[in-house]
Amino acid sequence: MRKHTGPLFYVGLLLFVFLVMFPFLWILLAALKPPAELFGERAFHFIIQNPSFDNFVRVFTERPFARYLWNSTVVATLTTLYSITIASFAAYAIAWLSFRGKAIILGVVLAVSMFPQIATLSPIFMFMQSMGLTNSYIGLIIPYTTFALPLAIWNLTIFFRKIPSDLGEAAKVDGASIWQTMTKVFFPLAMPGVFTTAILVFIAAWNEFLFALTLNTQEAMKTVPVGIVMFQGMFTIPWGEISAASIIVTIPLVVMVLIFQRRIISGLTSGAVKE
């Protein structure tokens, strides 16, 4: 029997949405305000008297922000592609193949994911410097393995384990090899989980700051999080431009989630109801 929602439900829902969206709304207002309204008496007013897109224009004309965006896109995309590819095979093997040491492997993966980034930063920096990989894309993609691959393996292992084992047995009876069972039976069924995991890995790589700050110090190789931090000068902090850059950086993630929202919800709710 369905229960009808009353007015209080919608009031509470609107209040919840407002509270969740308030930080983003406040940053948007700061990005649209001219310097005269950003400080002083009108700093906390919601109504902007002279809204403008000057901060958005300055982000691209006075700073190499387009280069920062390109660098983040390349690093996050390549990190996602190779992490999901490797993690898919690893997760399938852990979930469905019989071999000794599966629990140990998962334990090692979990232990690696728990390592604080700052603890691994010095040896990774020395290694990358000795190999001549600092200030390069590959010099960031390799360290991102420390958090991207464990995240992908754990998520995909859970998704693969939720696929009924009868399908694998049926494919085996029909004469399918392990490769055919994996690529033609399990991978298509696990696609919602793969999409969900890929988006989580992409967002983690897109937002990463510490490795990017330490390994890529040249202006042309900085990523977006590092570039935004470097906006501030010795005596001034351009809050309007920082807010505009934050809005621009958020838009690709919002668009990506909206495009794949059905697959994300399908992936997140996969296995929620036991049959």
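Once a new chain begins, its residue numbering starts again from 1 and follows that chain's sequence as written. Per-residue local features of the predicted model are confined to residues with pLDDT of at least 70, and side-chain atom pairs are confined, for both listing and counting, to 80 or more; whole-chain, interface and lining totals are unaffected and use all residues. For the side-chain quantities, the full set of heavy atoms in the structure was used; hydrogens and water were omitted.

As annotated in an unreviewed UniProt entry, the protein is Carbohydrate ABC transporter permease from Brevibacillus brevis. UniProt positions are given in the numbering used here, feature names are shortened, and annotations may be inferred rather than shown by experiment. As stated in UniProt under Subcellular location (unreviewed entry), the record for the protein gives "Cell membrane".

Asks: Before we go on, may I ask you to explain the overall build of the protein in this structure?
Replies: The helix and strand labels rest on DSSP assignments: H or I over at least four residues marks a helix, E over at least two residues marks a strand, and numbering proceeds from the N terminus. Within the protein, the secondary structure is distributed over 14 helices and 0 strands. When the helices and strands of the protein are placed in sequence order, the string is α-α-α-α-α-α-α-α-α-α-α-α-α-α. By principal-axis analysis of the C-alpha atoms, the protein measures approximately 75 × 65 × 30 Å. Between buried and exposed lies partly exposed: a residue is buried under 20% and exposed over 50% of the maximum accessible area for its type, with that area taken using a 1.4 Å probe on protein chains only. Evaluated residue by residue, the protein yields a buried proportion of 38% over its 275 residues. The centroid of the 17 positive side-chain charges in the protein is displaced by 10 Å from the centroid of its 11 negative side-chain charges. Counting rule applied: Lys, Arg positive; Asp, Glu negative; His and chain ends not counted. Working definition for charges: the position is that of NZ of Lys, CZ of Arg, CG of Asp or CD of Glu.

Asks: I keep staring at the UniProt feature "domain: ABC transmembrane type-1" (unreviewed entry) in the protein and nothing clicks. Help me out?
Replies: Taken from the UniProt record, the annotation "domain: ABC transmembrane type-1" (unreviewed entry) applies to residues 69-260. As a span, residues 69-260 carries 79% helix and 0% strand, and end to end its C-alpha atoms are 21 Å apart.

Asks: I'm lost on the packing of aromatic side chains in this one. Help?
Replies: What characterises a pair of aromatic rings is the spacing of the ring centres plus the angle enclosed by the ring planes. Between the rings of Phe, Tyr and Trp (Trp by its six-membered ring), a pair exists once the centres lie within 6.5 Å; its type follows the angle of the planes, with under 30 degrees stacked, over 60 edge-to-face, and the other angles tilted. Tallied over the full model, the rule gives 16 aromatic pairs. Between F22 and W26 the ring centres are 5.8 Å apart and the planes differ by 25°, which places this aromatic pair in the stacked class. Placement of both F22 and W26 in helix α1 (residues 7-32) is noted, with a separation of 4 residues, approximately one turn of the helix. Here W26 falls in the partly exposed class, since its relative accessible area comes to 27%. Joined through ring pairs, the aromatic side chains of F18, F22, W26, F44 and F46 make up one cluster. Here the guanidinium or amino end of K33 rests over the ring plane of W26, the centre of that ring lying 5.4 Å away. In this scheme, the term charge over a ring applies when either NZ of a lysine or CZ of an arginine sits within 6 Å of the ring centre and within 35 degrees of the ring normal. Across from the ring centre of F231, 4.4 Å away, lies the NZ or CZ of R63, which sits over that ring.

Asks: Would you take a moment to explain the UniProt feature "transmembrane region" (unreviewed entry) in the protein for this structure?
Replies: Per the UniProt annotation, the sites labelled "transmembrane region" (unreviewed entry) are residues 7-32, 74-97, 104-125, 137-160, 185-206 and 242-260. Taken end to end, residues 104-125 has its terminal C-alpha atoms 28 Å apart, with 91% of it in helix and 0% in strand. Helix makes up 95% of residues 242-260 and strand 0%, whereas the separation of the span's terminal C-alpha atoms amounts to 28 Å.

Asks: Teacher, can you tell me more about unusual backbone geometry here?
Replies: Excluding glycine, a negative phi dihedral is what most residues carry, and trans is how most peptide bonds are arranged. Its identity is not glycine, yet N135 carries a phi of approximately 55°, on the positive side. By the element assignment, N135 lies in the loop between α6 (117-131) and α7 (138-161).

Asks: I keep staring at the packing of helix α10 (residues 191-207) against helix α13 (residues 239-259) and nothing clicks. Help me out?
Replies: All axes here are fitted lines through C-alpha atoms, helices being fitted over the stretch that makes contact, and every angle between N-to-C directions spans 0 to 180 degrees. Contact geometry of α10 with α13 gives a least axis separation of 11 Å together with a crossing angle of 175°. Judged on the interaxial angle alone, α13 and α10 are roughly antiparallel. Mapping the contact onto sequence places I199, F202, I203, W206 and N207 in α10 and V249, P252, L253 and M256 in α13. When grouped by side-chain class, the residues that make up the contact of α10 with α13 number 8 nonpolar, 1 polar and no charged. What sets the label is the angle itself: under 35 degrees gives roughly parallel, over 145 gives roughly antiparallel, 65 to 115 gives roughly perpendicular, and the rest give oblique. The contact rule is simple, with two residues in contact once any of their heavy atoms fall within 4.5 Å. Residue polarity is assigned by list, with Asp, Glu, Lys and Arg as charged and Ala, Val, Leu, Ile, Met, Phe, Trp, Tyr, Cys and Pro as nonpolar; anything else, Gly included, falls into the polar class.

Asks: I would appreciate a short explanation of the nonpolar core in the present structure.
Replies: Most often, soluble globular proteins keep nonpolar side chains buried together rather than apart. In terms of nonpolar packing, the biggest core is built from 59 residues, with F65, Y144, F160 and F211 touching the most fellow members. No other element matches helix α4 (residues 65-96), which puts 11 residues into this core. For the purposes of this description, domain bounds are those given by an automatic or database domain assignment. Split by domain, this core shows at least three residues from each of two domains, domain 1 (7-51) and domain 2 (62-270). Buried Ala, Val, Leu, Ile, Met, Phe, Trp, Tyr and Cys residues that are joined via side-chain atoms within 4.5 Å together make up what is termed a nonpolar core.

Asks: Please explain the domain arrangement of the protein as it appears in this structure.
Replies: Many structure descriptions define interface size as the accessible area lost when the parts assemble. Split into domains, the protein comes out as domain 1 (7-51) and domain 2 (62-270). In this structure, domain 1 and domain 2 have C-alpha centres spaced 32 Å apart. By buried area we mean the combined loss of accessible area, with a 1.4 Å probe, across both parts when two parts are placed together. Together, the buried faces of domain 1 and domain 2 total about 550 Å²; carbon and sulfur atoms form 87% of this surface. When the buried surface of domain 1 facing domain 2 is broken down by residue, F24, I27 and A31 rank first, second and third, together holding 59% of it. In the sections that follow, a salt bridge refers to a side-chain nitrogen of Lys or Arg positioned within 4 Å of a carboxyl oxygen of Asp or Glu. Run the count over domain 1 and domain 2 and you get 0 salt bridges.

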